[in-house]
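Analysis of the macromolecular model
What follows is each chain in one-letter form.
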Amino acid sequence: MKPTSGPDAAPREASDIRVFASSCTMHGLGHVFGPGGLTPRRALWAAAVLLSLAAFLYQVAERVHYYEEFHHETALEERESHRLTFPAVTLCNINPLRRSSLTPNDLHWAGPALLGLDPAEHAAFLRALGRPPTPPGFMPSPTFDMAQLYARAGHALEDMLLDCHYRGQPCGPENFTTIFTRMGQCYTFNSGAGGAELLTTPKGGMGNGLEVMLDVQQDEYLPVWRDTEETLFEVGIRVQIHTQEEPPIIDQLGFGAAPGYQTFVSCQQQQLTFLPPPWGDCSSVSMDPDLELESSGPLGSTNPSPGLSPPYSLMGCRLACETRYVTRKCGCRMMHMPGSAPVCSPQQYKDCAAPTLDTMLRKDACNCPSPCAITRYAKELSMVRIPSRASARYLARKLNRSEAYITENVLVLDIYFEALNYETVEQKKAYEVSELLGDIGGQMGLFIGASLLTILEILDYLCEVFQDRVLGYFWNRRRSQRRSSTNLLQEQQGGPPARVSHLNLGPRPHTPSCAVTKTISASHRTCYLVTRL
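The following refers to the structure shown. (Residues numbered from 1 in each chain as written. Predicted model: local features only at pLDDT ≥ 70, side-chain atom pairs only at ≥ 80, totals over all residues. Heavy atoms only, no water.)

**Structural notes on the nonpolar core**
Judged by nonpolar contacts, the single largest core of 37 residues is most densely connected at Phe176, Leu210 and Ile415. For this core, the leading source of residues is strand E14 (residues 410-417), giving four residues. If you look at the next biggest cluster of nonpolar residues, it comprises 26 residues, including Leu117, Leu126, Met334 and Leu357. (Core = buried A, V, L, I, M, F, W, Y, C linked by side-chain atoms within 4.5 Å. Buried < 20%, exposed > 50% of the residue type's maximum accessible area, 1.4 Å probe, protein only. Helix = DSSP H or I, 4+ residues; strand = E, 2+ residues; numbered from the N terminus.)

**Topic: helix H4 (residues 104-115)**
Between its first and last C-alpha, H4 extends only 13 Å over twelve residues, short of the 16 Å set by a 1.5 Å rise per residue. Along H4, the residues that are buried comprise Asn105, Asp106, Leu107, Ala110, Gly111, Pro112, Ala113 and Leu115. Considering only its buried residues, H4 is in contact with helix H5 (122-129), helix H6 (146-153) and helix H10 (346-363). Two residues or fewer past H4, Gly116 is found with a positive phi of approximately 70°. (Expected span 1.5 Å × (residues − 1). Contact = heavy atoms within 4.5 Å.)

**Side note on the state of the cysteines**
A full pass over the atoms with the stated rule returns seven disulfides. Here Cys317 pairs with Cys368 through a disulfide, and the sulfurs are 2.2 Å apart. Measuring the twist about the S-S bond at about -85°, one finds the Cys317-Cys368 disulfide to be left-handed. Here Cys368 lies in the loop between H10 and strand E13 (373-385) and Cys317 lies in helix H9 (residues 314-330), a separation of 51 residues in the sequence. Covalent S-S linkage joins Cys332 and Cys344, the inter-sulfur distance amounting to 1.9 Å. Taking the sign of the S-S torsion, about 95° here, the bridge from Cys332 to Cys344 comes out right-handed. One end of the pair, Cys332, is in the loop between H9 and H10; the other, Cys344, is in the loop between H9 and H10, and twelve residues separate them in sequence. (Disulfide = S-S within 2.5 Å.)

**Some thoughts on the sheet that holds strand E10 (residues 237-242)**
Strand pairs in the sheet, formed through backbone hydrogen bonds, run parallel or antiparallel to each other. Reading across the sheet, the five strands line up as E6-E7-E3-E10-E11 and stay open at both edges, with antiparallel pairing between neighbours. Since the sheet does not close on itself, it has two edges, and those belong to strand E6 (176-181) and strand E11 (255-257), each with one partner. Strand-to-strand twist of the sheet, defined as the mean angle between neighbouring strand axes without regard to direction, takes the value 35°. Bridge analysis of E10 against E11 gives three bridges, and the strand direction is antiparallel. Residue pairing for E11: Ile237 is matched across the bridge by Ala257. (Pairing = 2+ DSSP bridges. Axes fitted to C-alpha atoms, helices over the stretch in contact; angles between N-to-C directions.)

Below you can see the structure in the form of structure tokens.
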């Protein structure tokens, strides 16, 4: 039987769209690019495939757009713990300076700034303090240090602390760290300063935390001479409960404990986790208070500190921001501010530092993002009066004070965990990359019946098309040129021309030896060279 010949009988190349459509796993292609001409059935299949492909691409674009909006969600969870780290507790006497420690030199330098005193009123103020008048020939010191004033004239913890226990074990002033705030000299329990081991508690409830009895020393309070912005009318202790990494901002965030009462503070730890950009706006880069800002830069812009820096906290960022602002405006810093700038003098306090800081706080000029991880403490306060009638006489004998003095000056502060559980508030990505890929894969399977391997099939087909149609064209053209040159050379040498069967070039007509070079030279050598070129 004679074999049939023709294009239909010839094997099709791998780059043929009909060959690819017959074997591709994408649904519908075999019905669109099947053998035969255009029919209504094939047109309907082509329309269905195009509509499904358009719906698929629309869903993919919508999912990608939703992912690029970077949504987040917040998860609240309550967890149990066998042991919790006890927080840092900062205590400040509301009265910043003791009246018995002020000297005429202190009034000369700090009287106008801190007390609103005129120089002519110093003698009357000393009489109100019960102090002798300024001696004749008094000469003030050439310089004055505000930090030294508060360290010398502030309330000493050794005098205020009457009793201290942590989890039933005695504690003392050695367990507190001195720190300066805007309220003056304060003291922090369990600060972890100097690498000290942080205290923990395995139980909740009263008796498993810190209990202190304090004497506010109301007899040492400065008399109110006139009403100023710094005038304080209350008596007692300011308290702030915070983490060891966070500096106390006790003048803004502290709560009060009054004498004549026992204040119970029940705490619950809360751990908050936020997402960085683009899902959130948290930051974990500390600010250097000594780093000079550009005039056009935002006050709250975070810049990495050279070398080691404390962990980032919101209060630390605000304090560093305030330090930069005051230092740039006044050329000095307030005593509670970090950094290496010189401490402001009393006159600089009055004329520049205090007004500048108050203005900055009113404008909220600091742009401090939330930290990516925060630990804070929710508090519930309750109070009872002390001493009772039954215990007043006993306490008077024990403390060697009168019952009236105890009622007006003594307070008890009891801080403990309500229970050994804590809350976690965590921001999470609402739409992960895995969910995006899952949605795209689901839409791909629903609309076009494809998968990841289908994409590989399409890429493989495109490679075949490129190899057969593009590279094959240049390769065949190059081989044809080489074969033509070889045939010319063989004809010049008198040999039979080479046949290229796969190119179907056919036999070439015989050419005389030097027919192509008659106008150039009659020599055989010249003919050979020209033929080679």
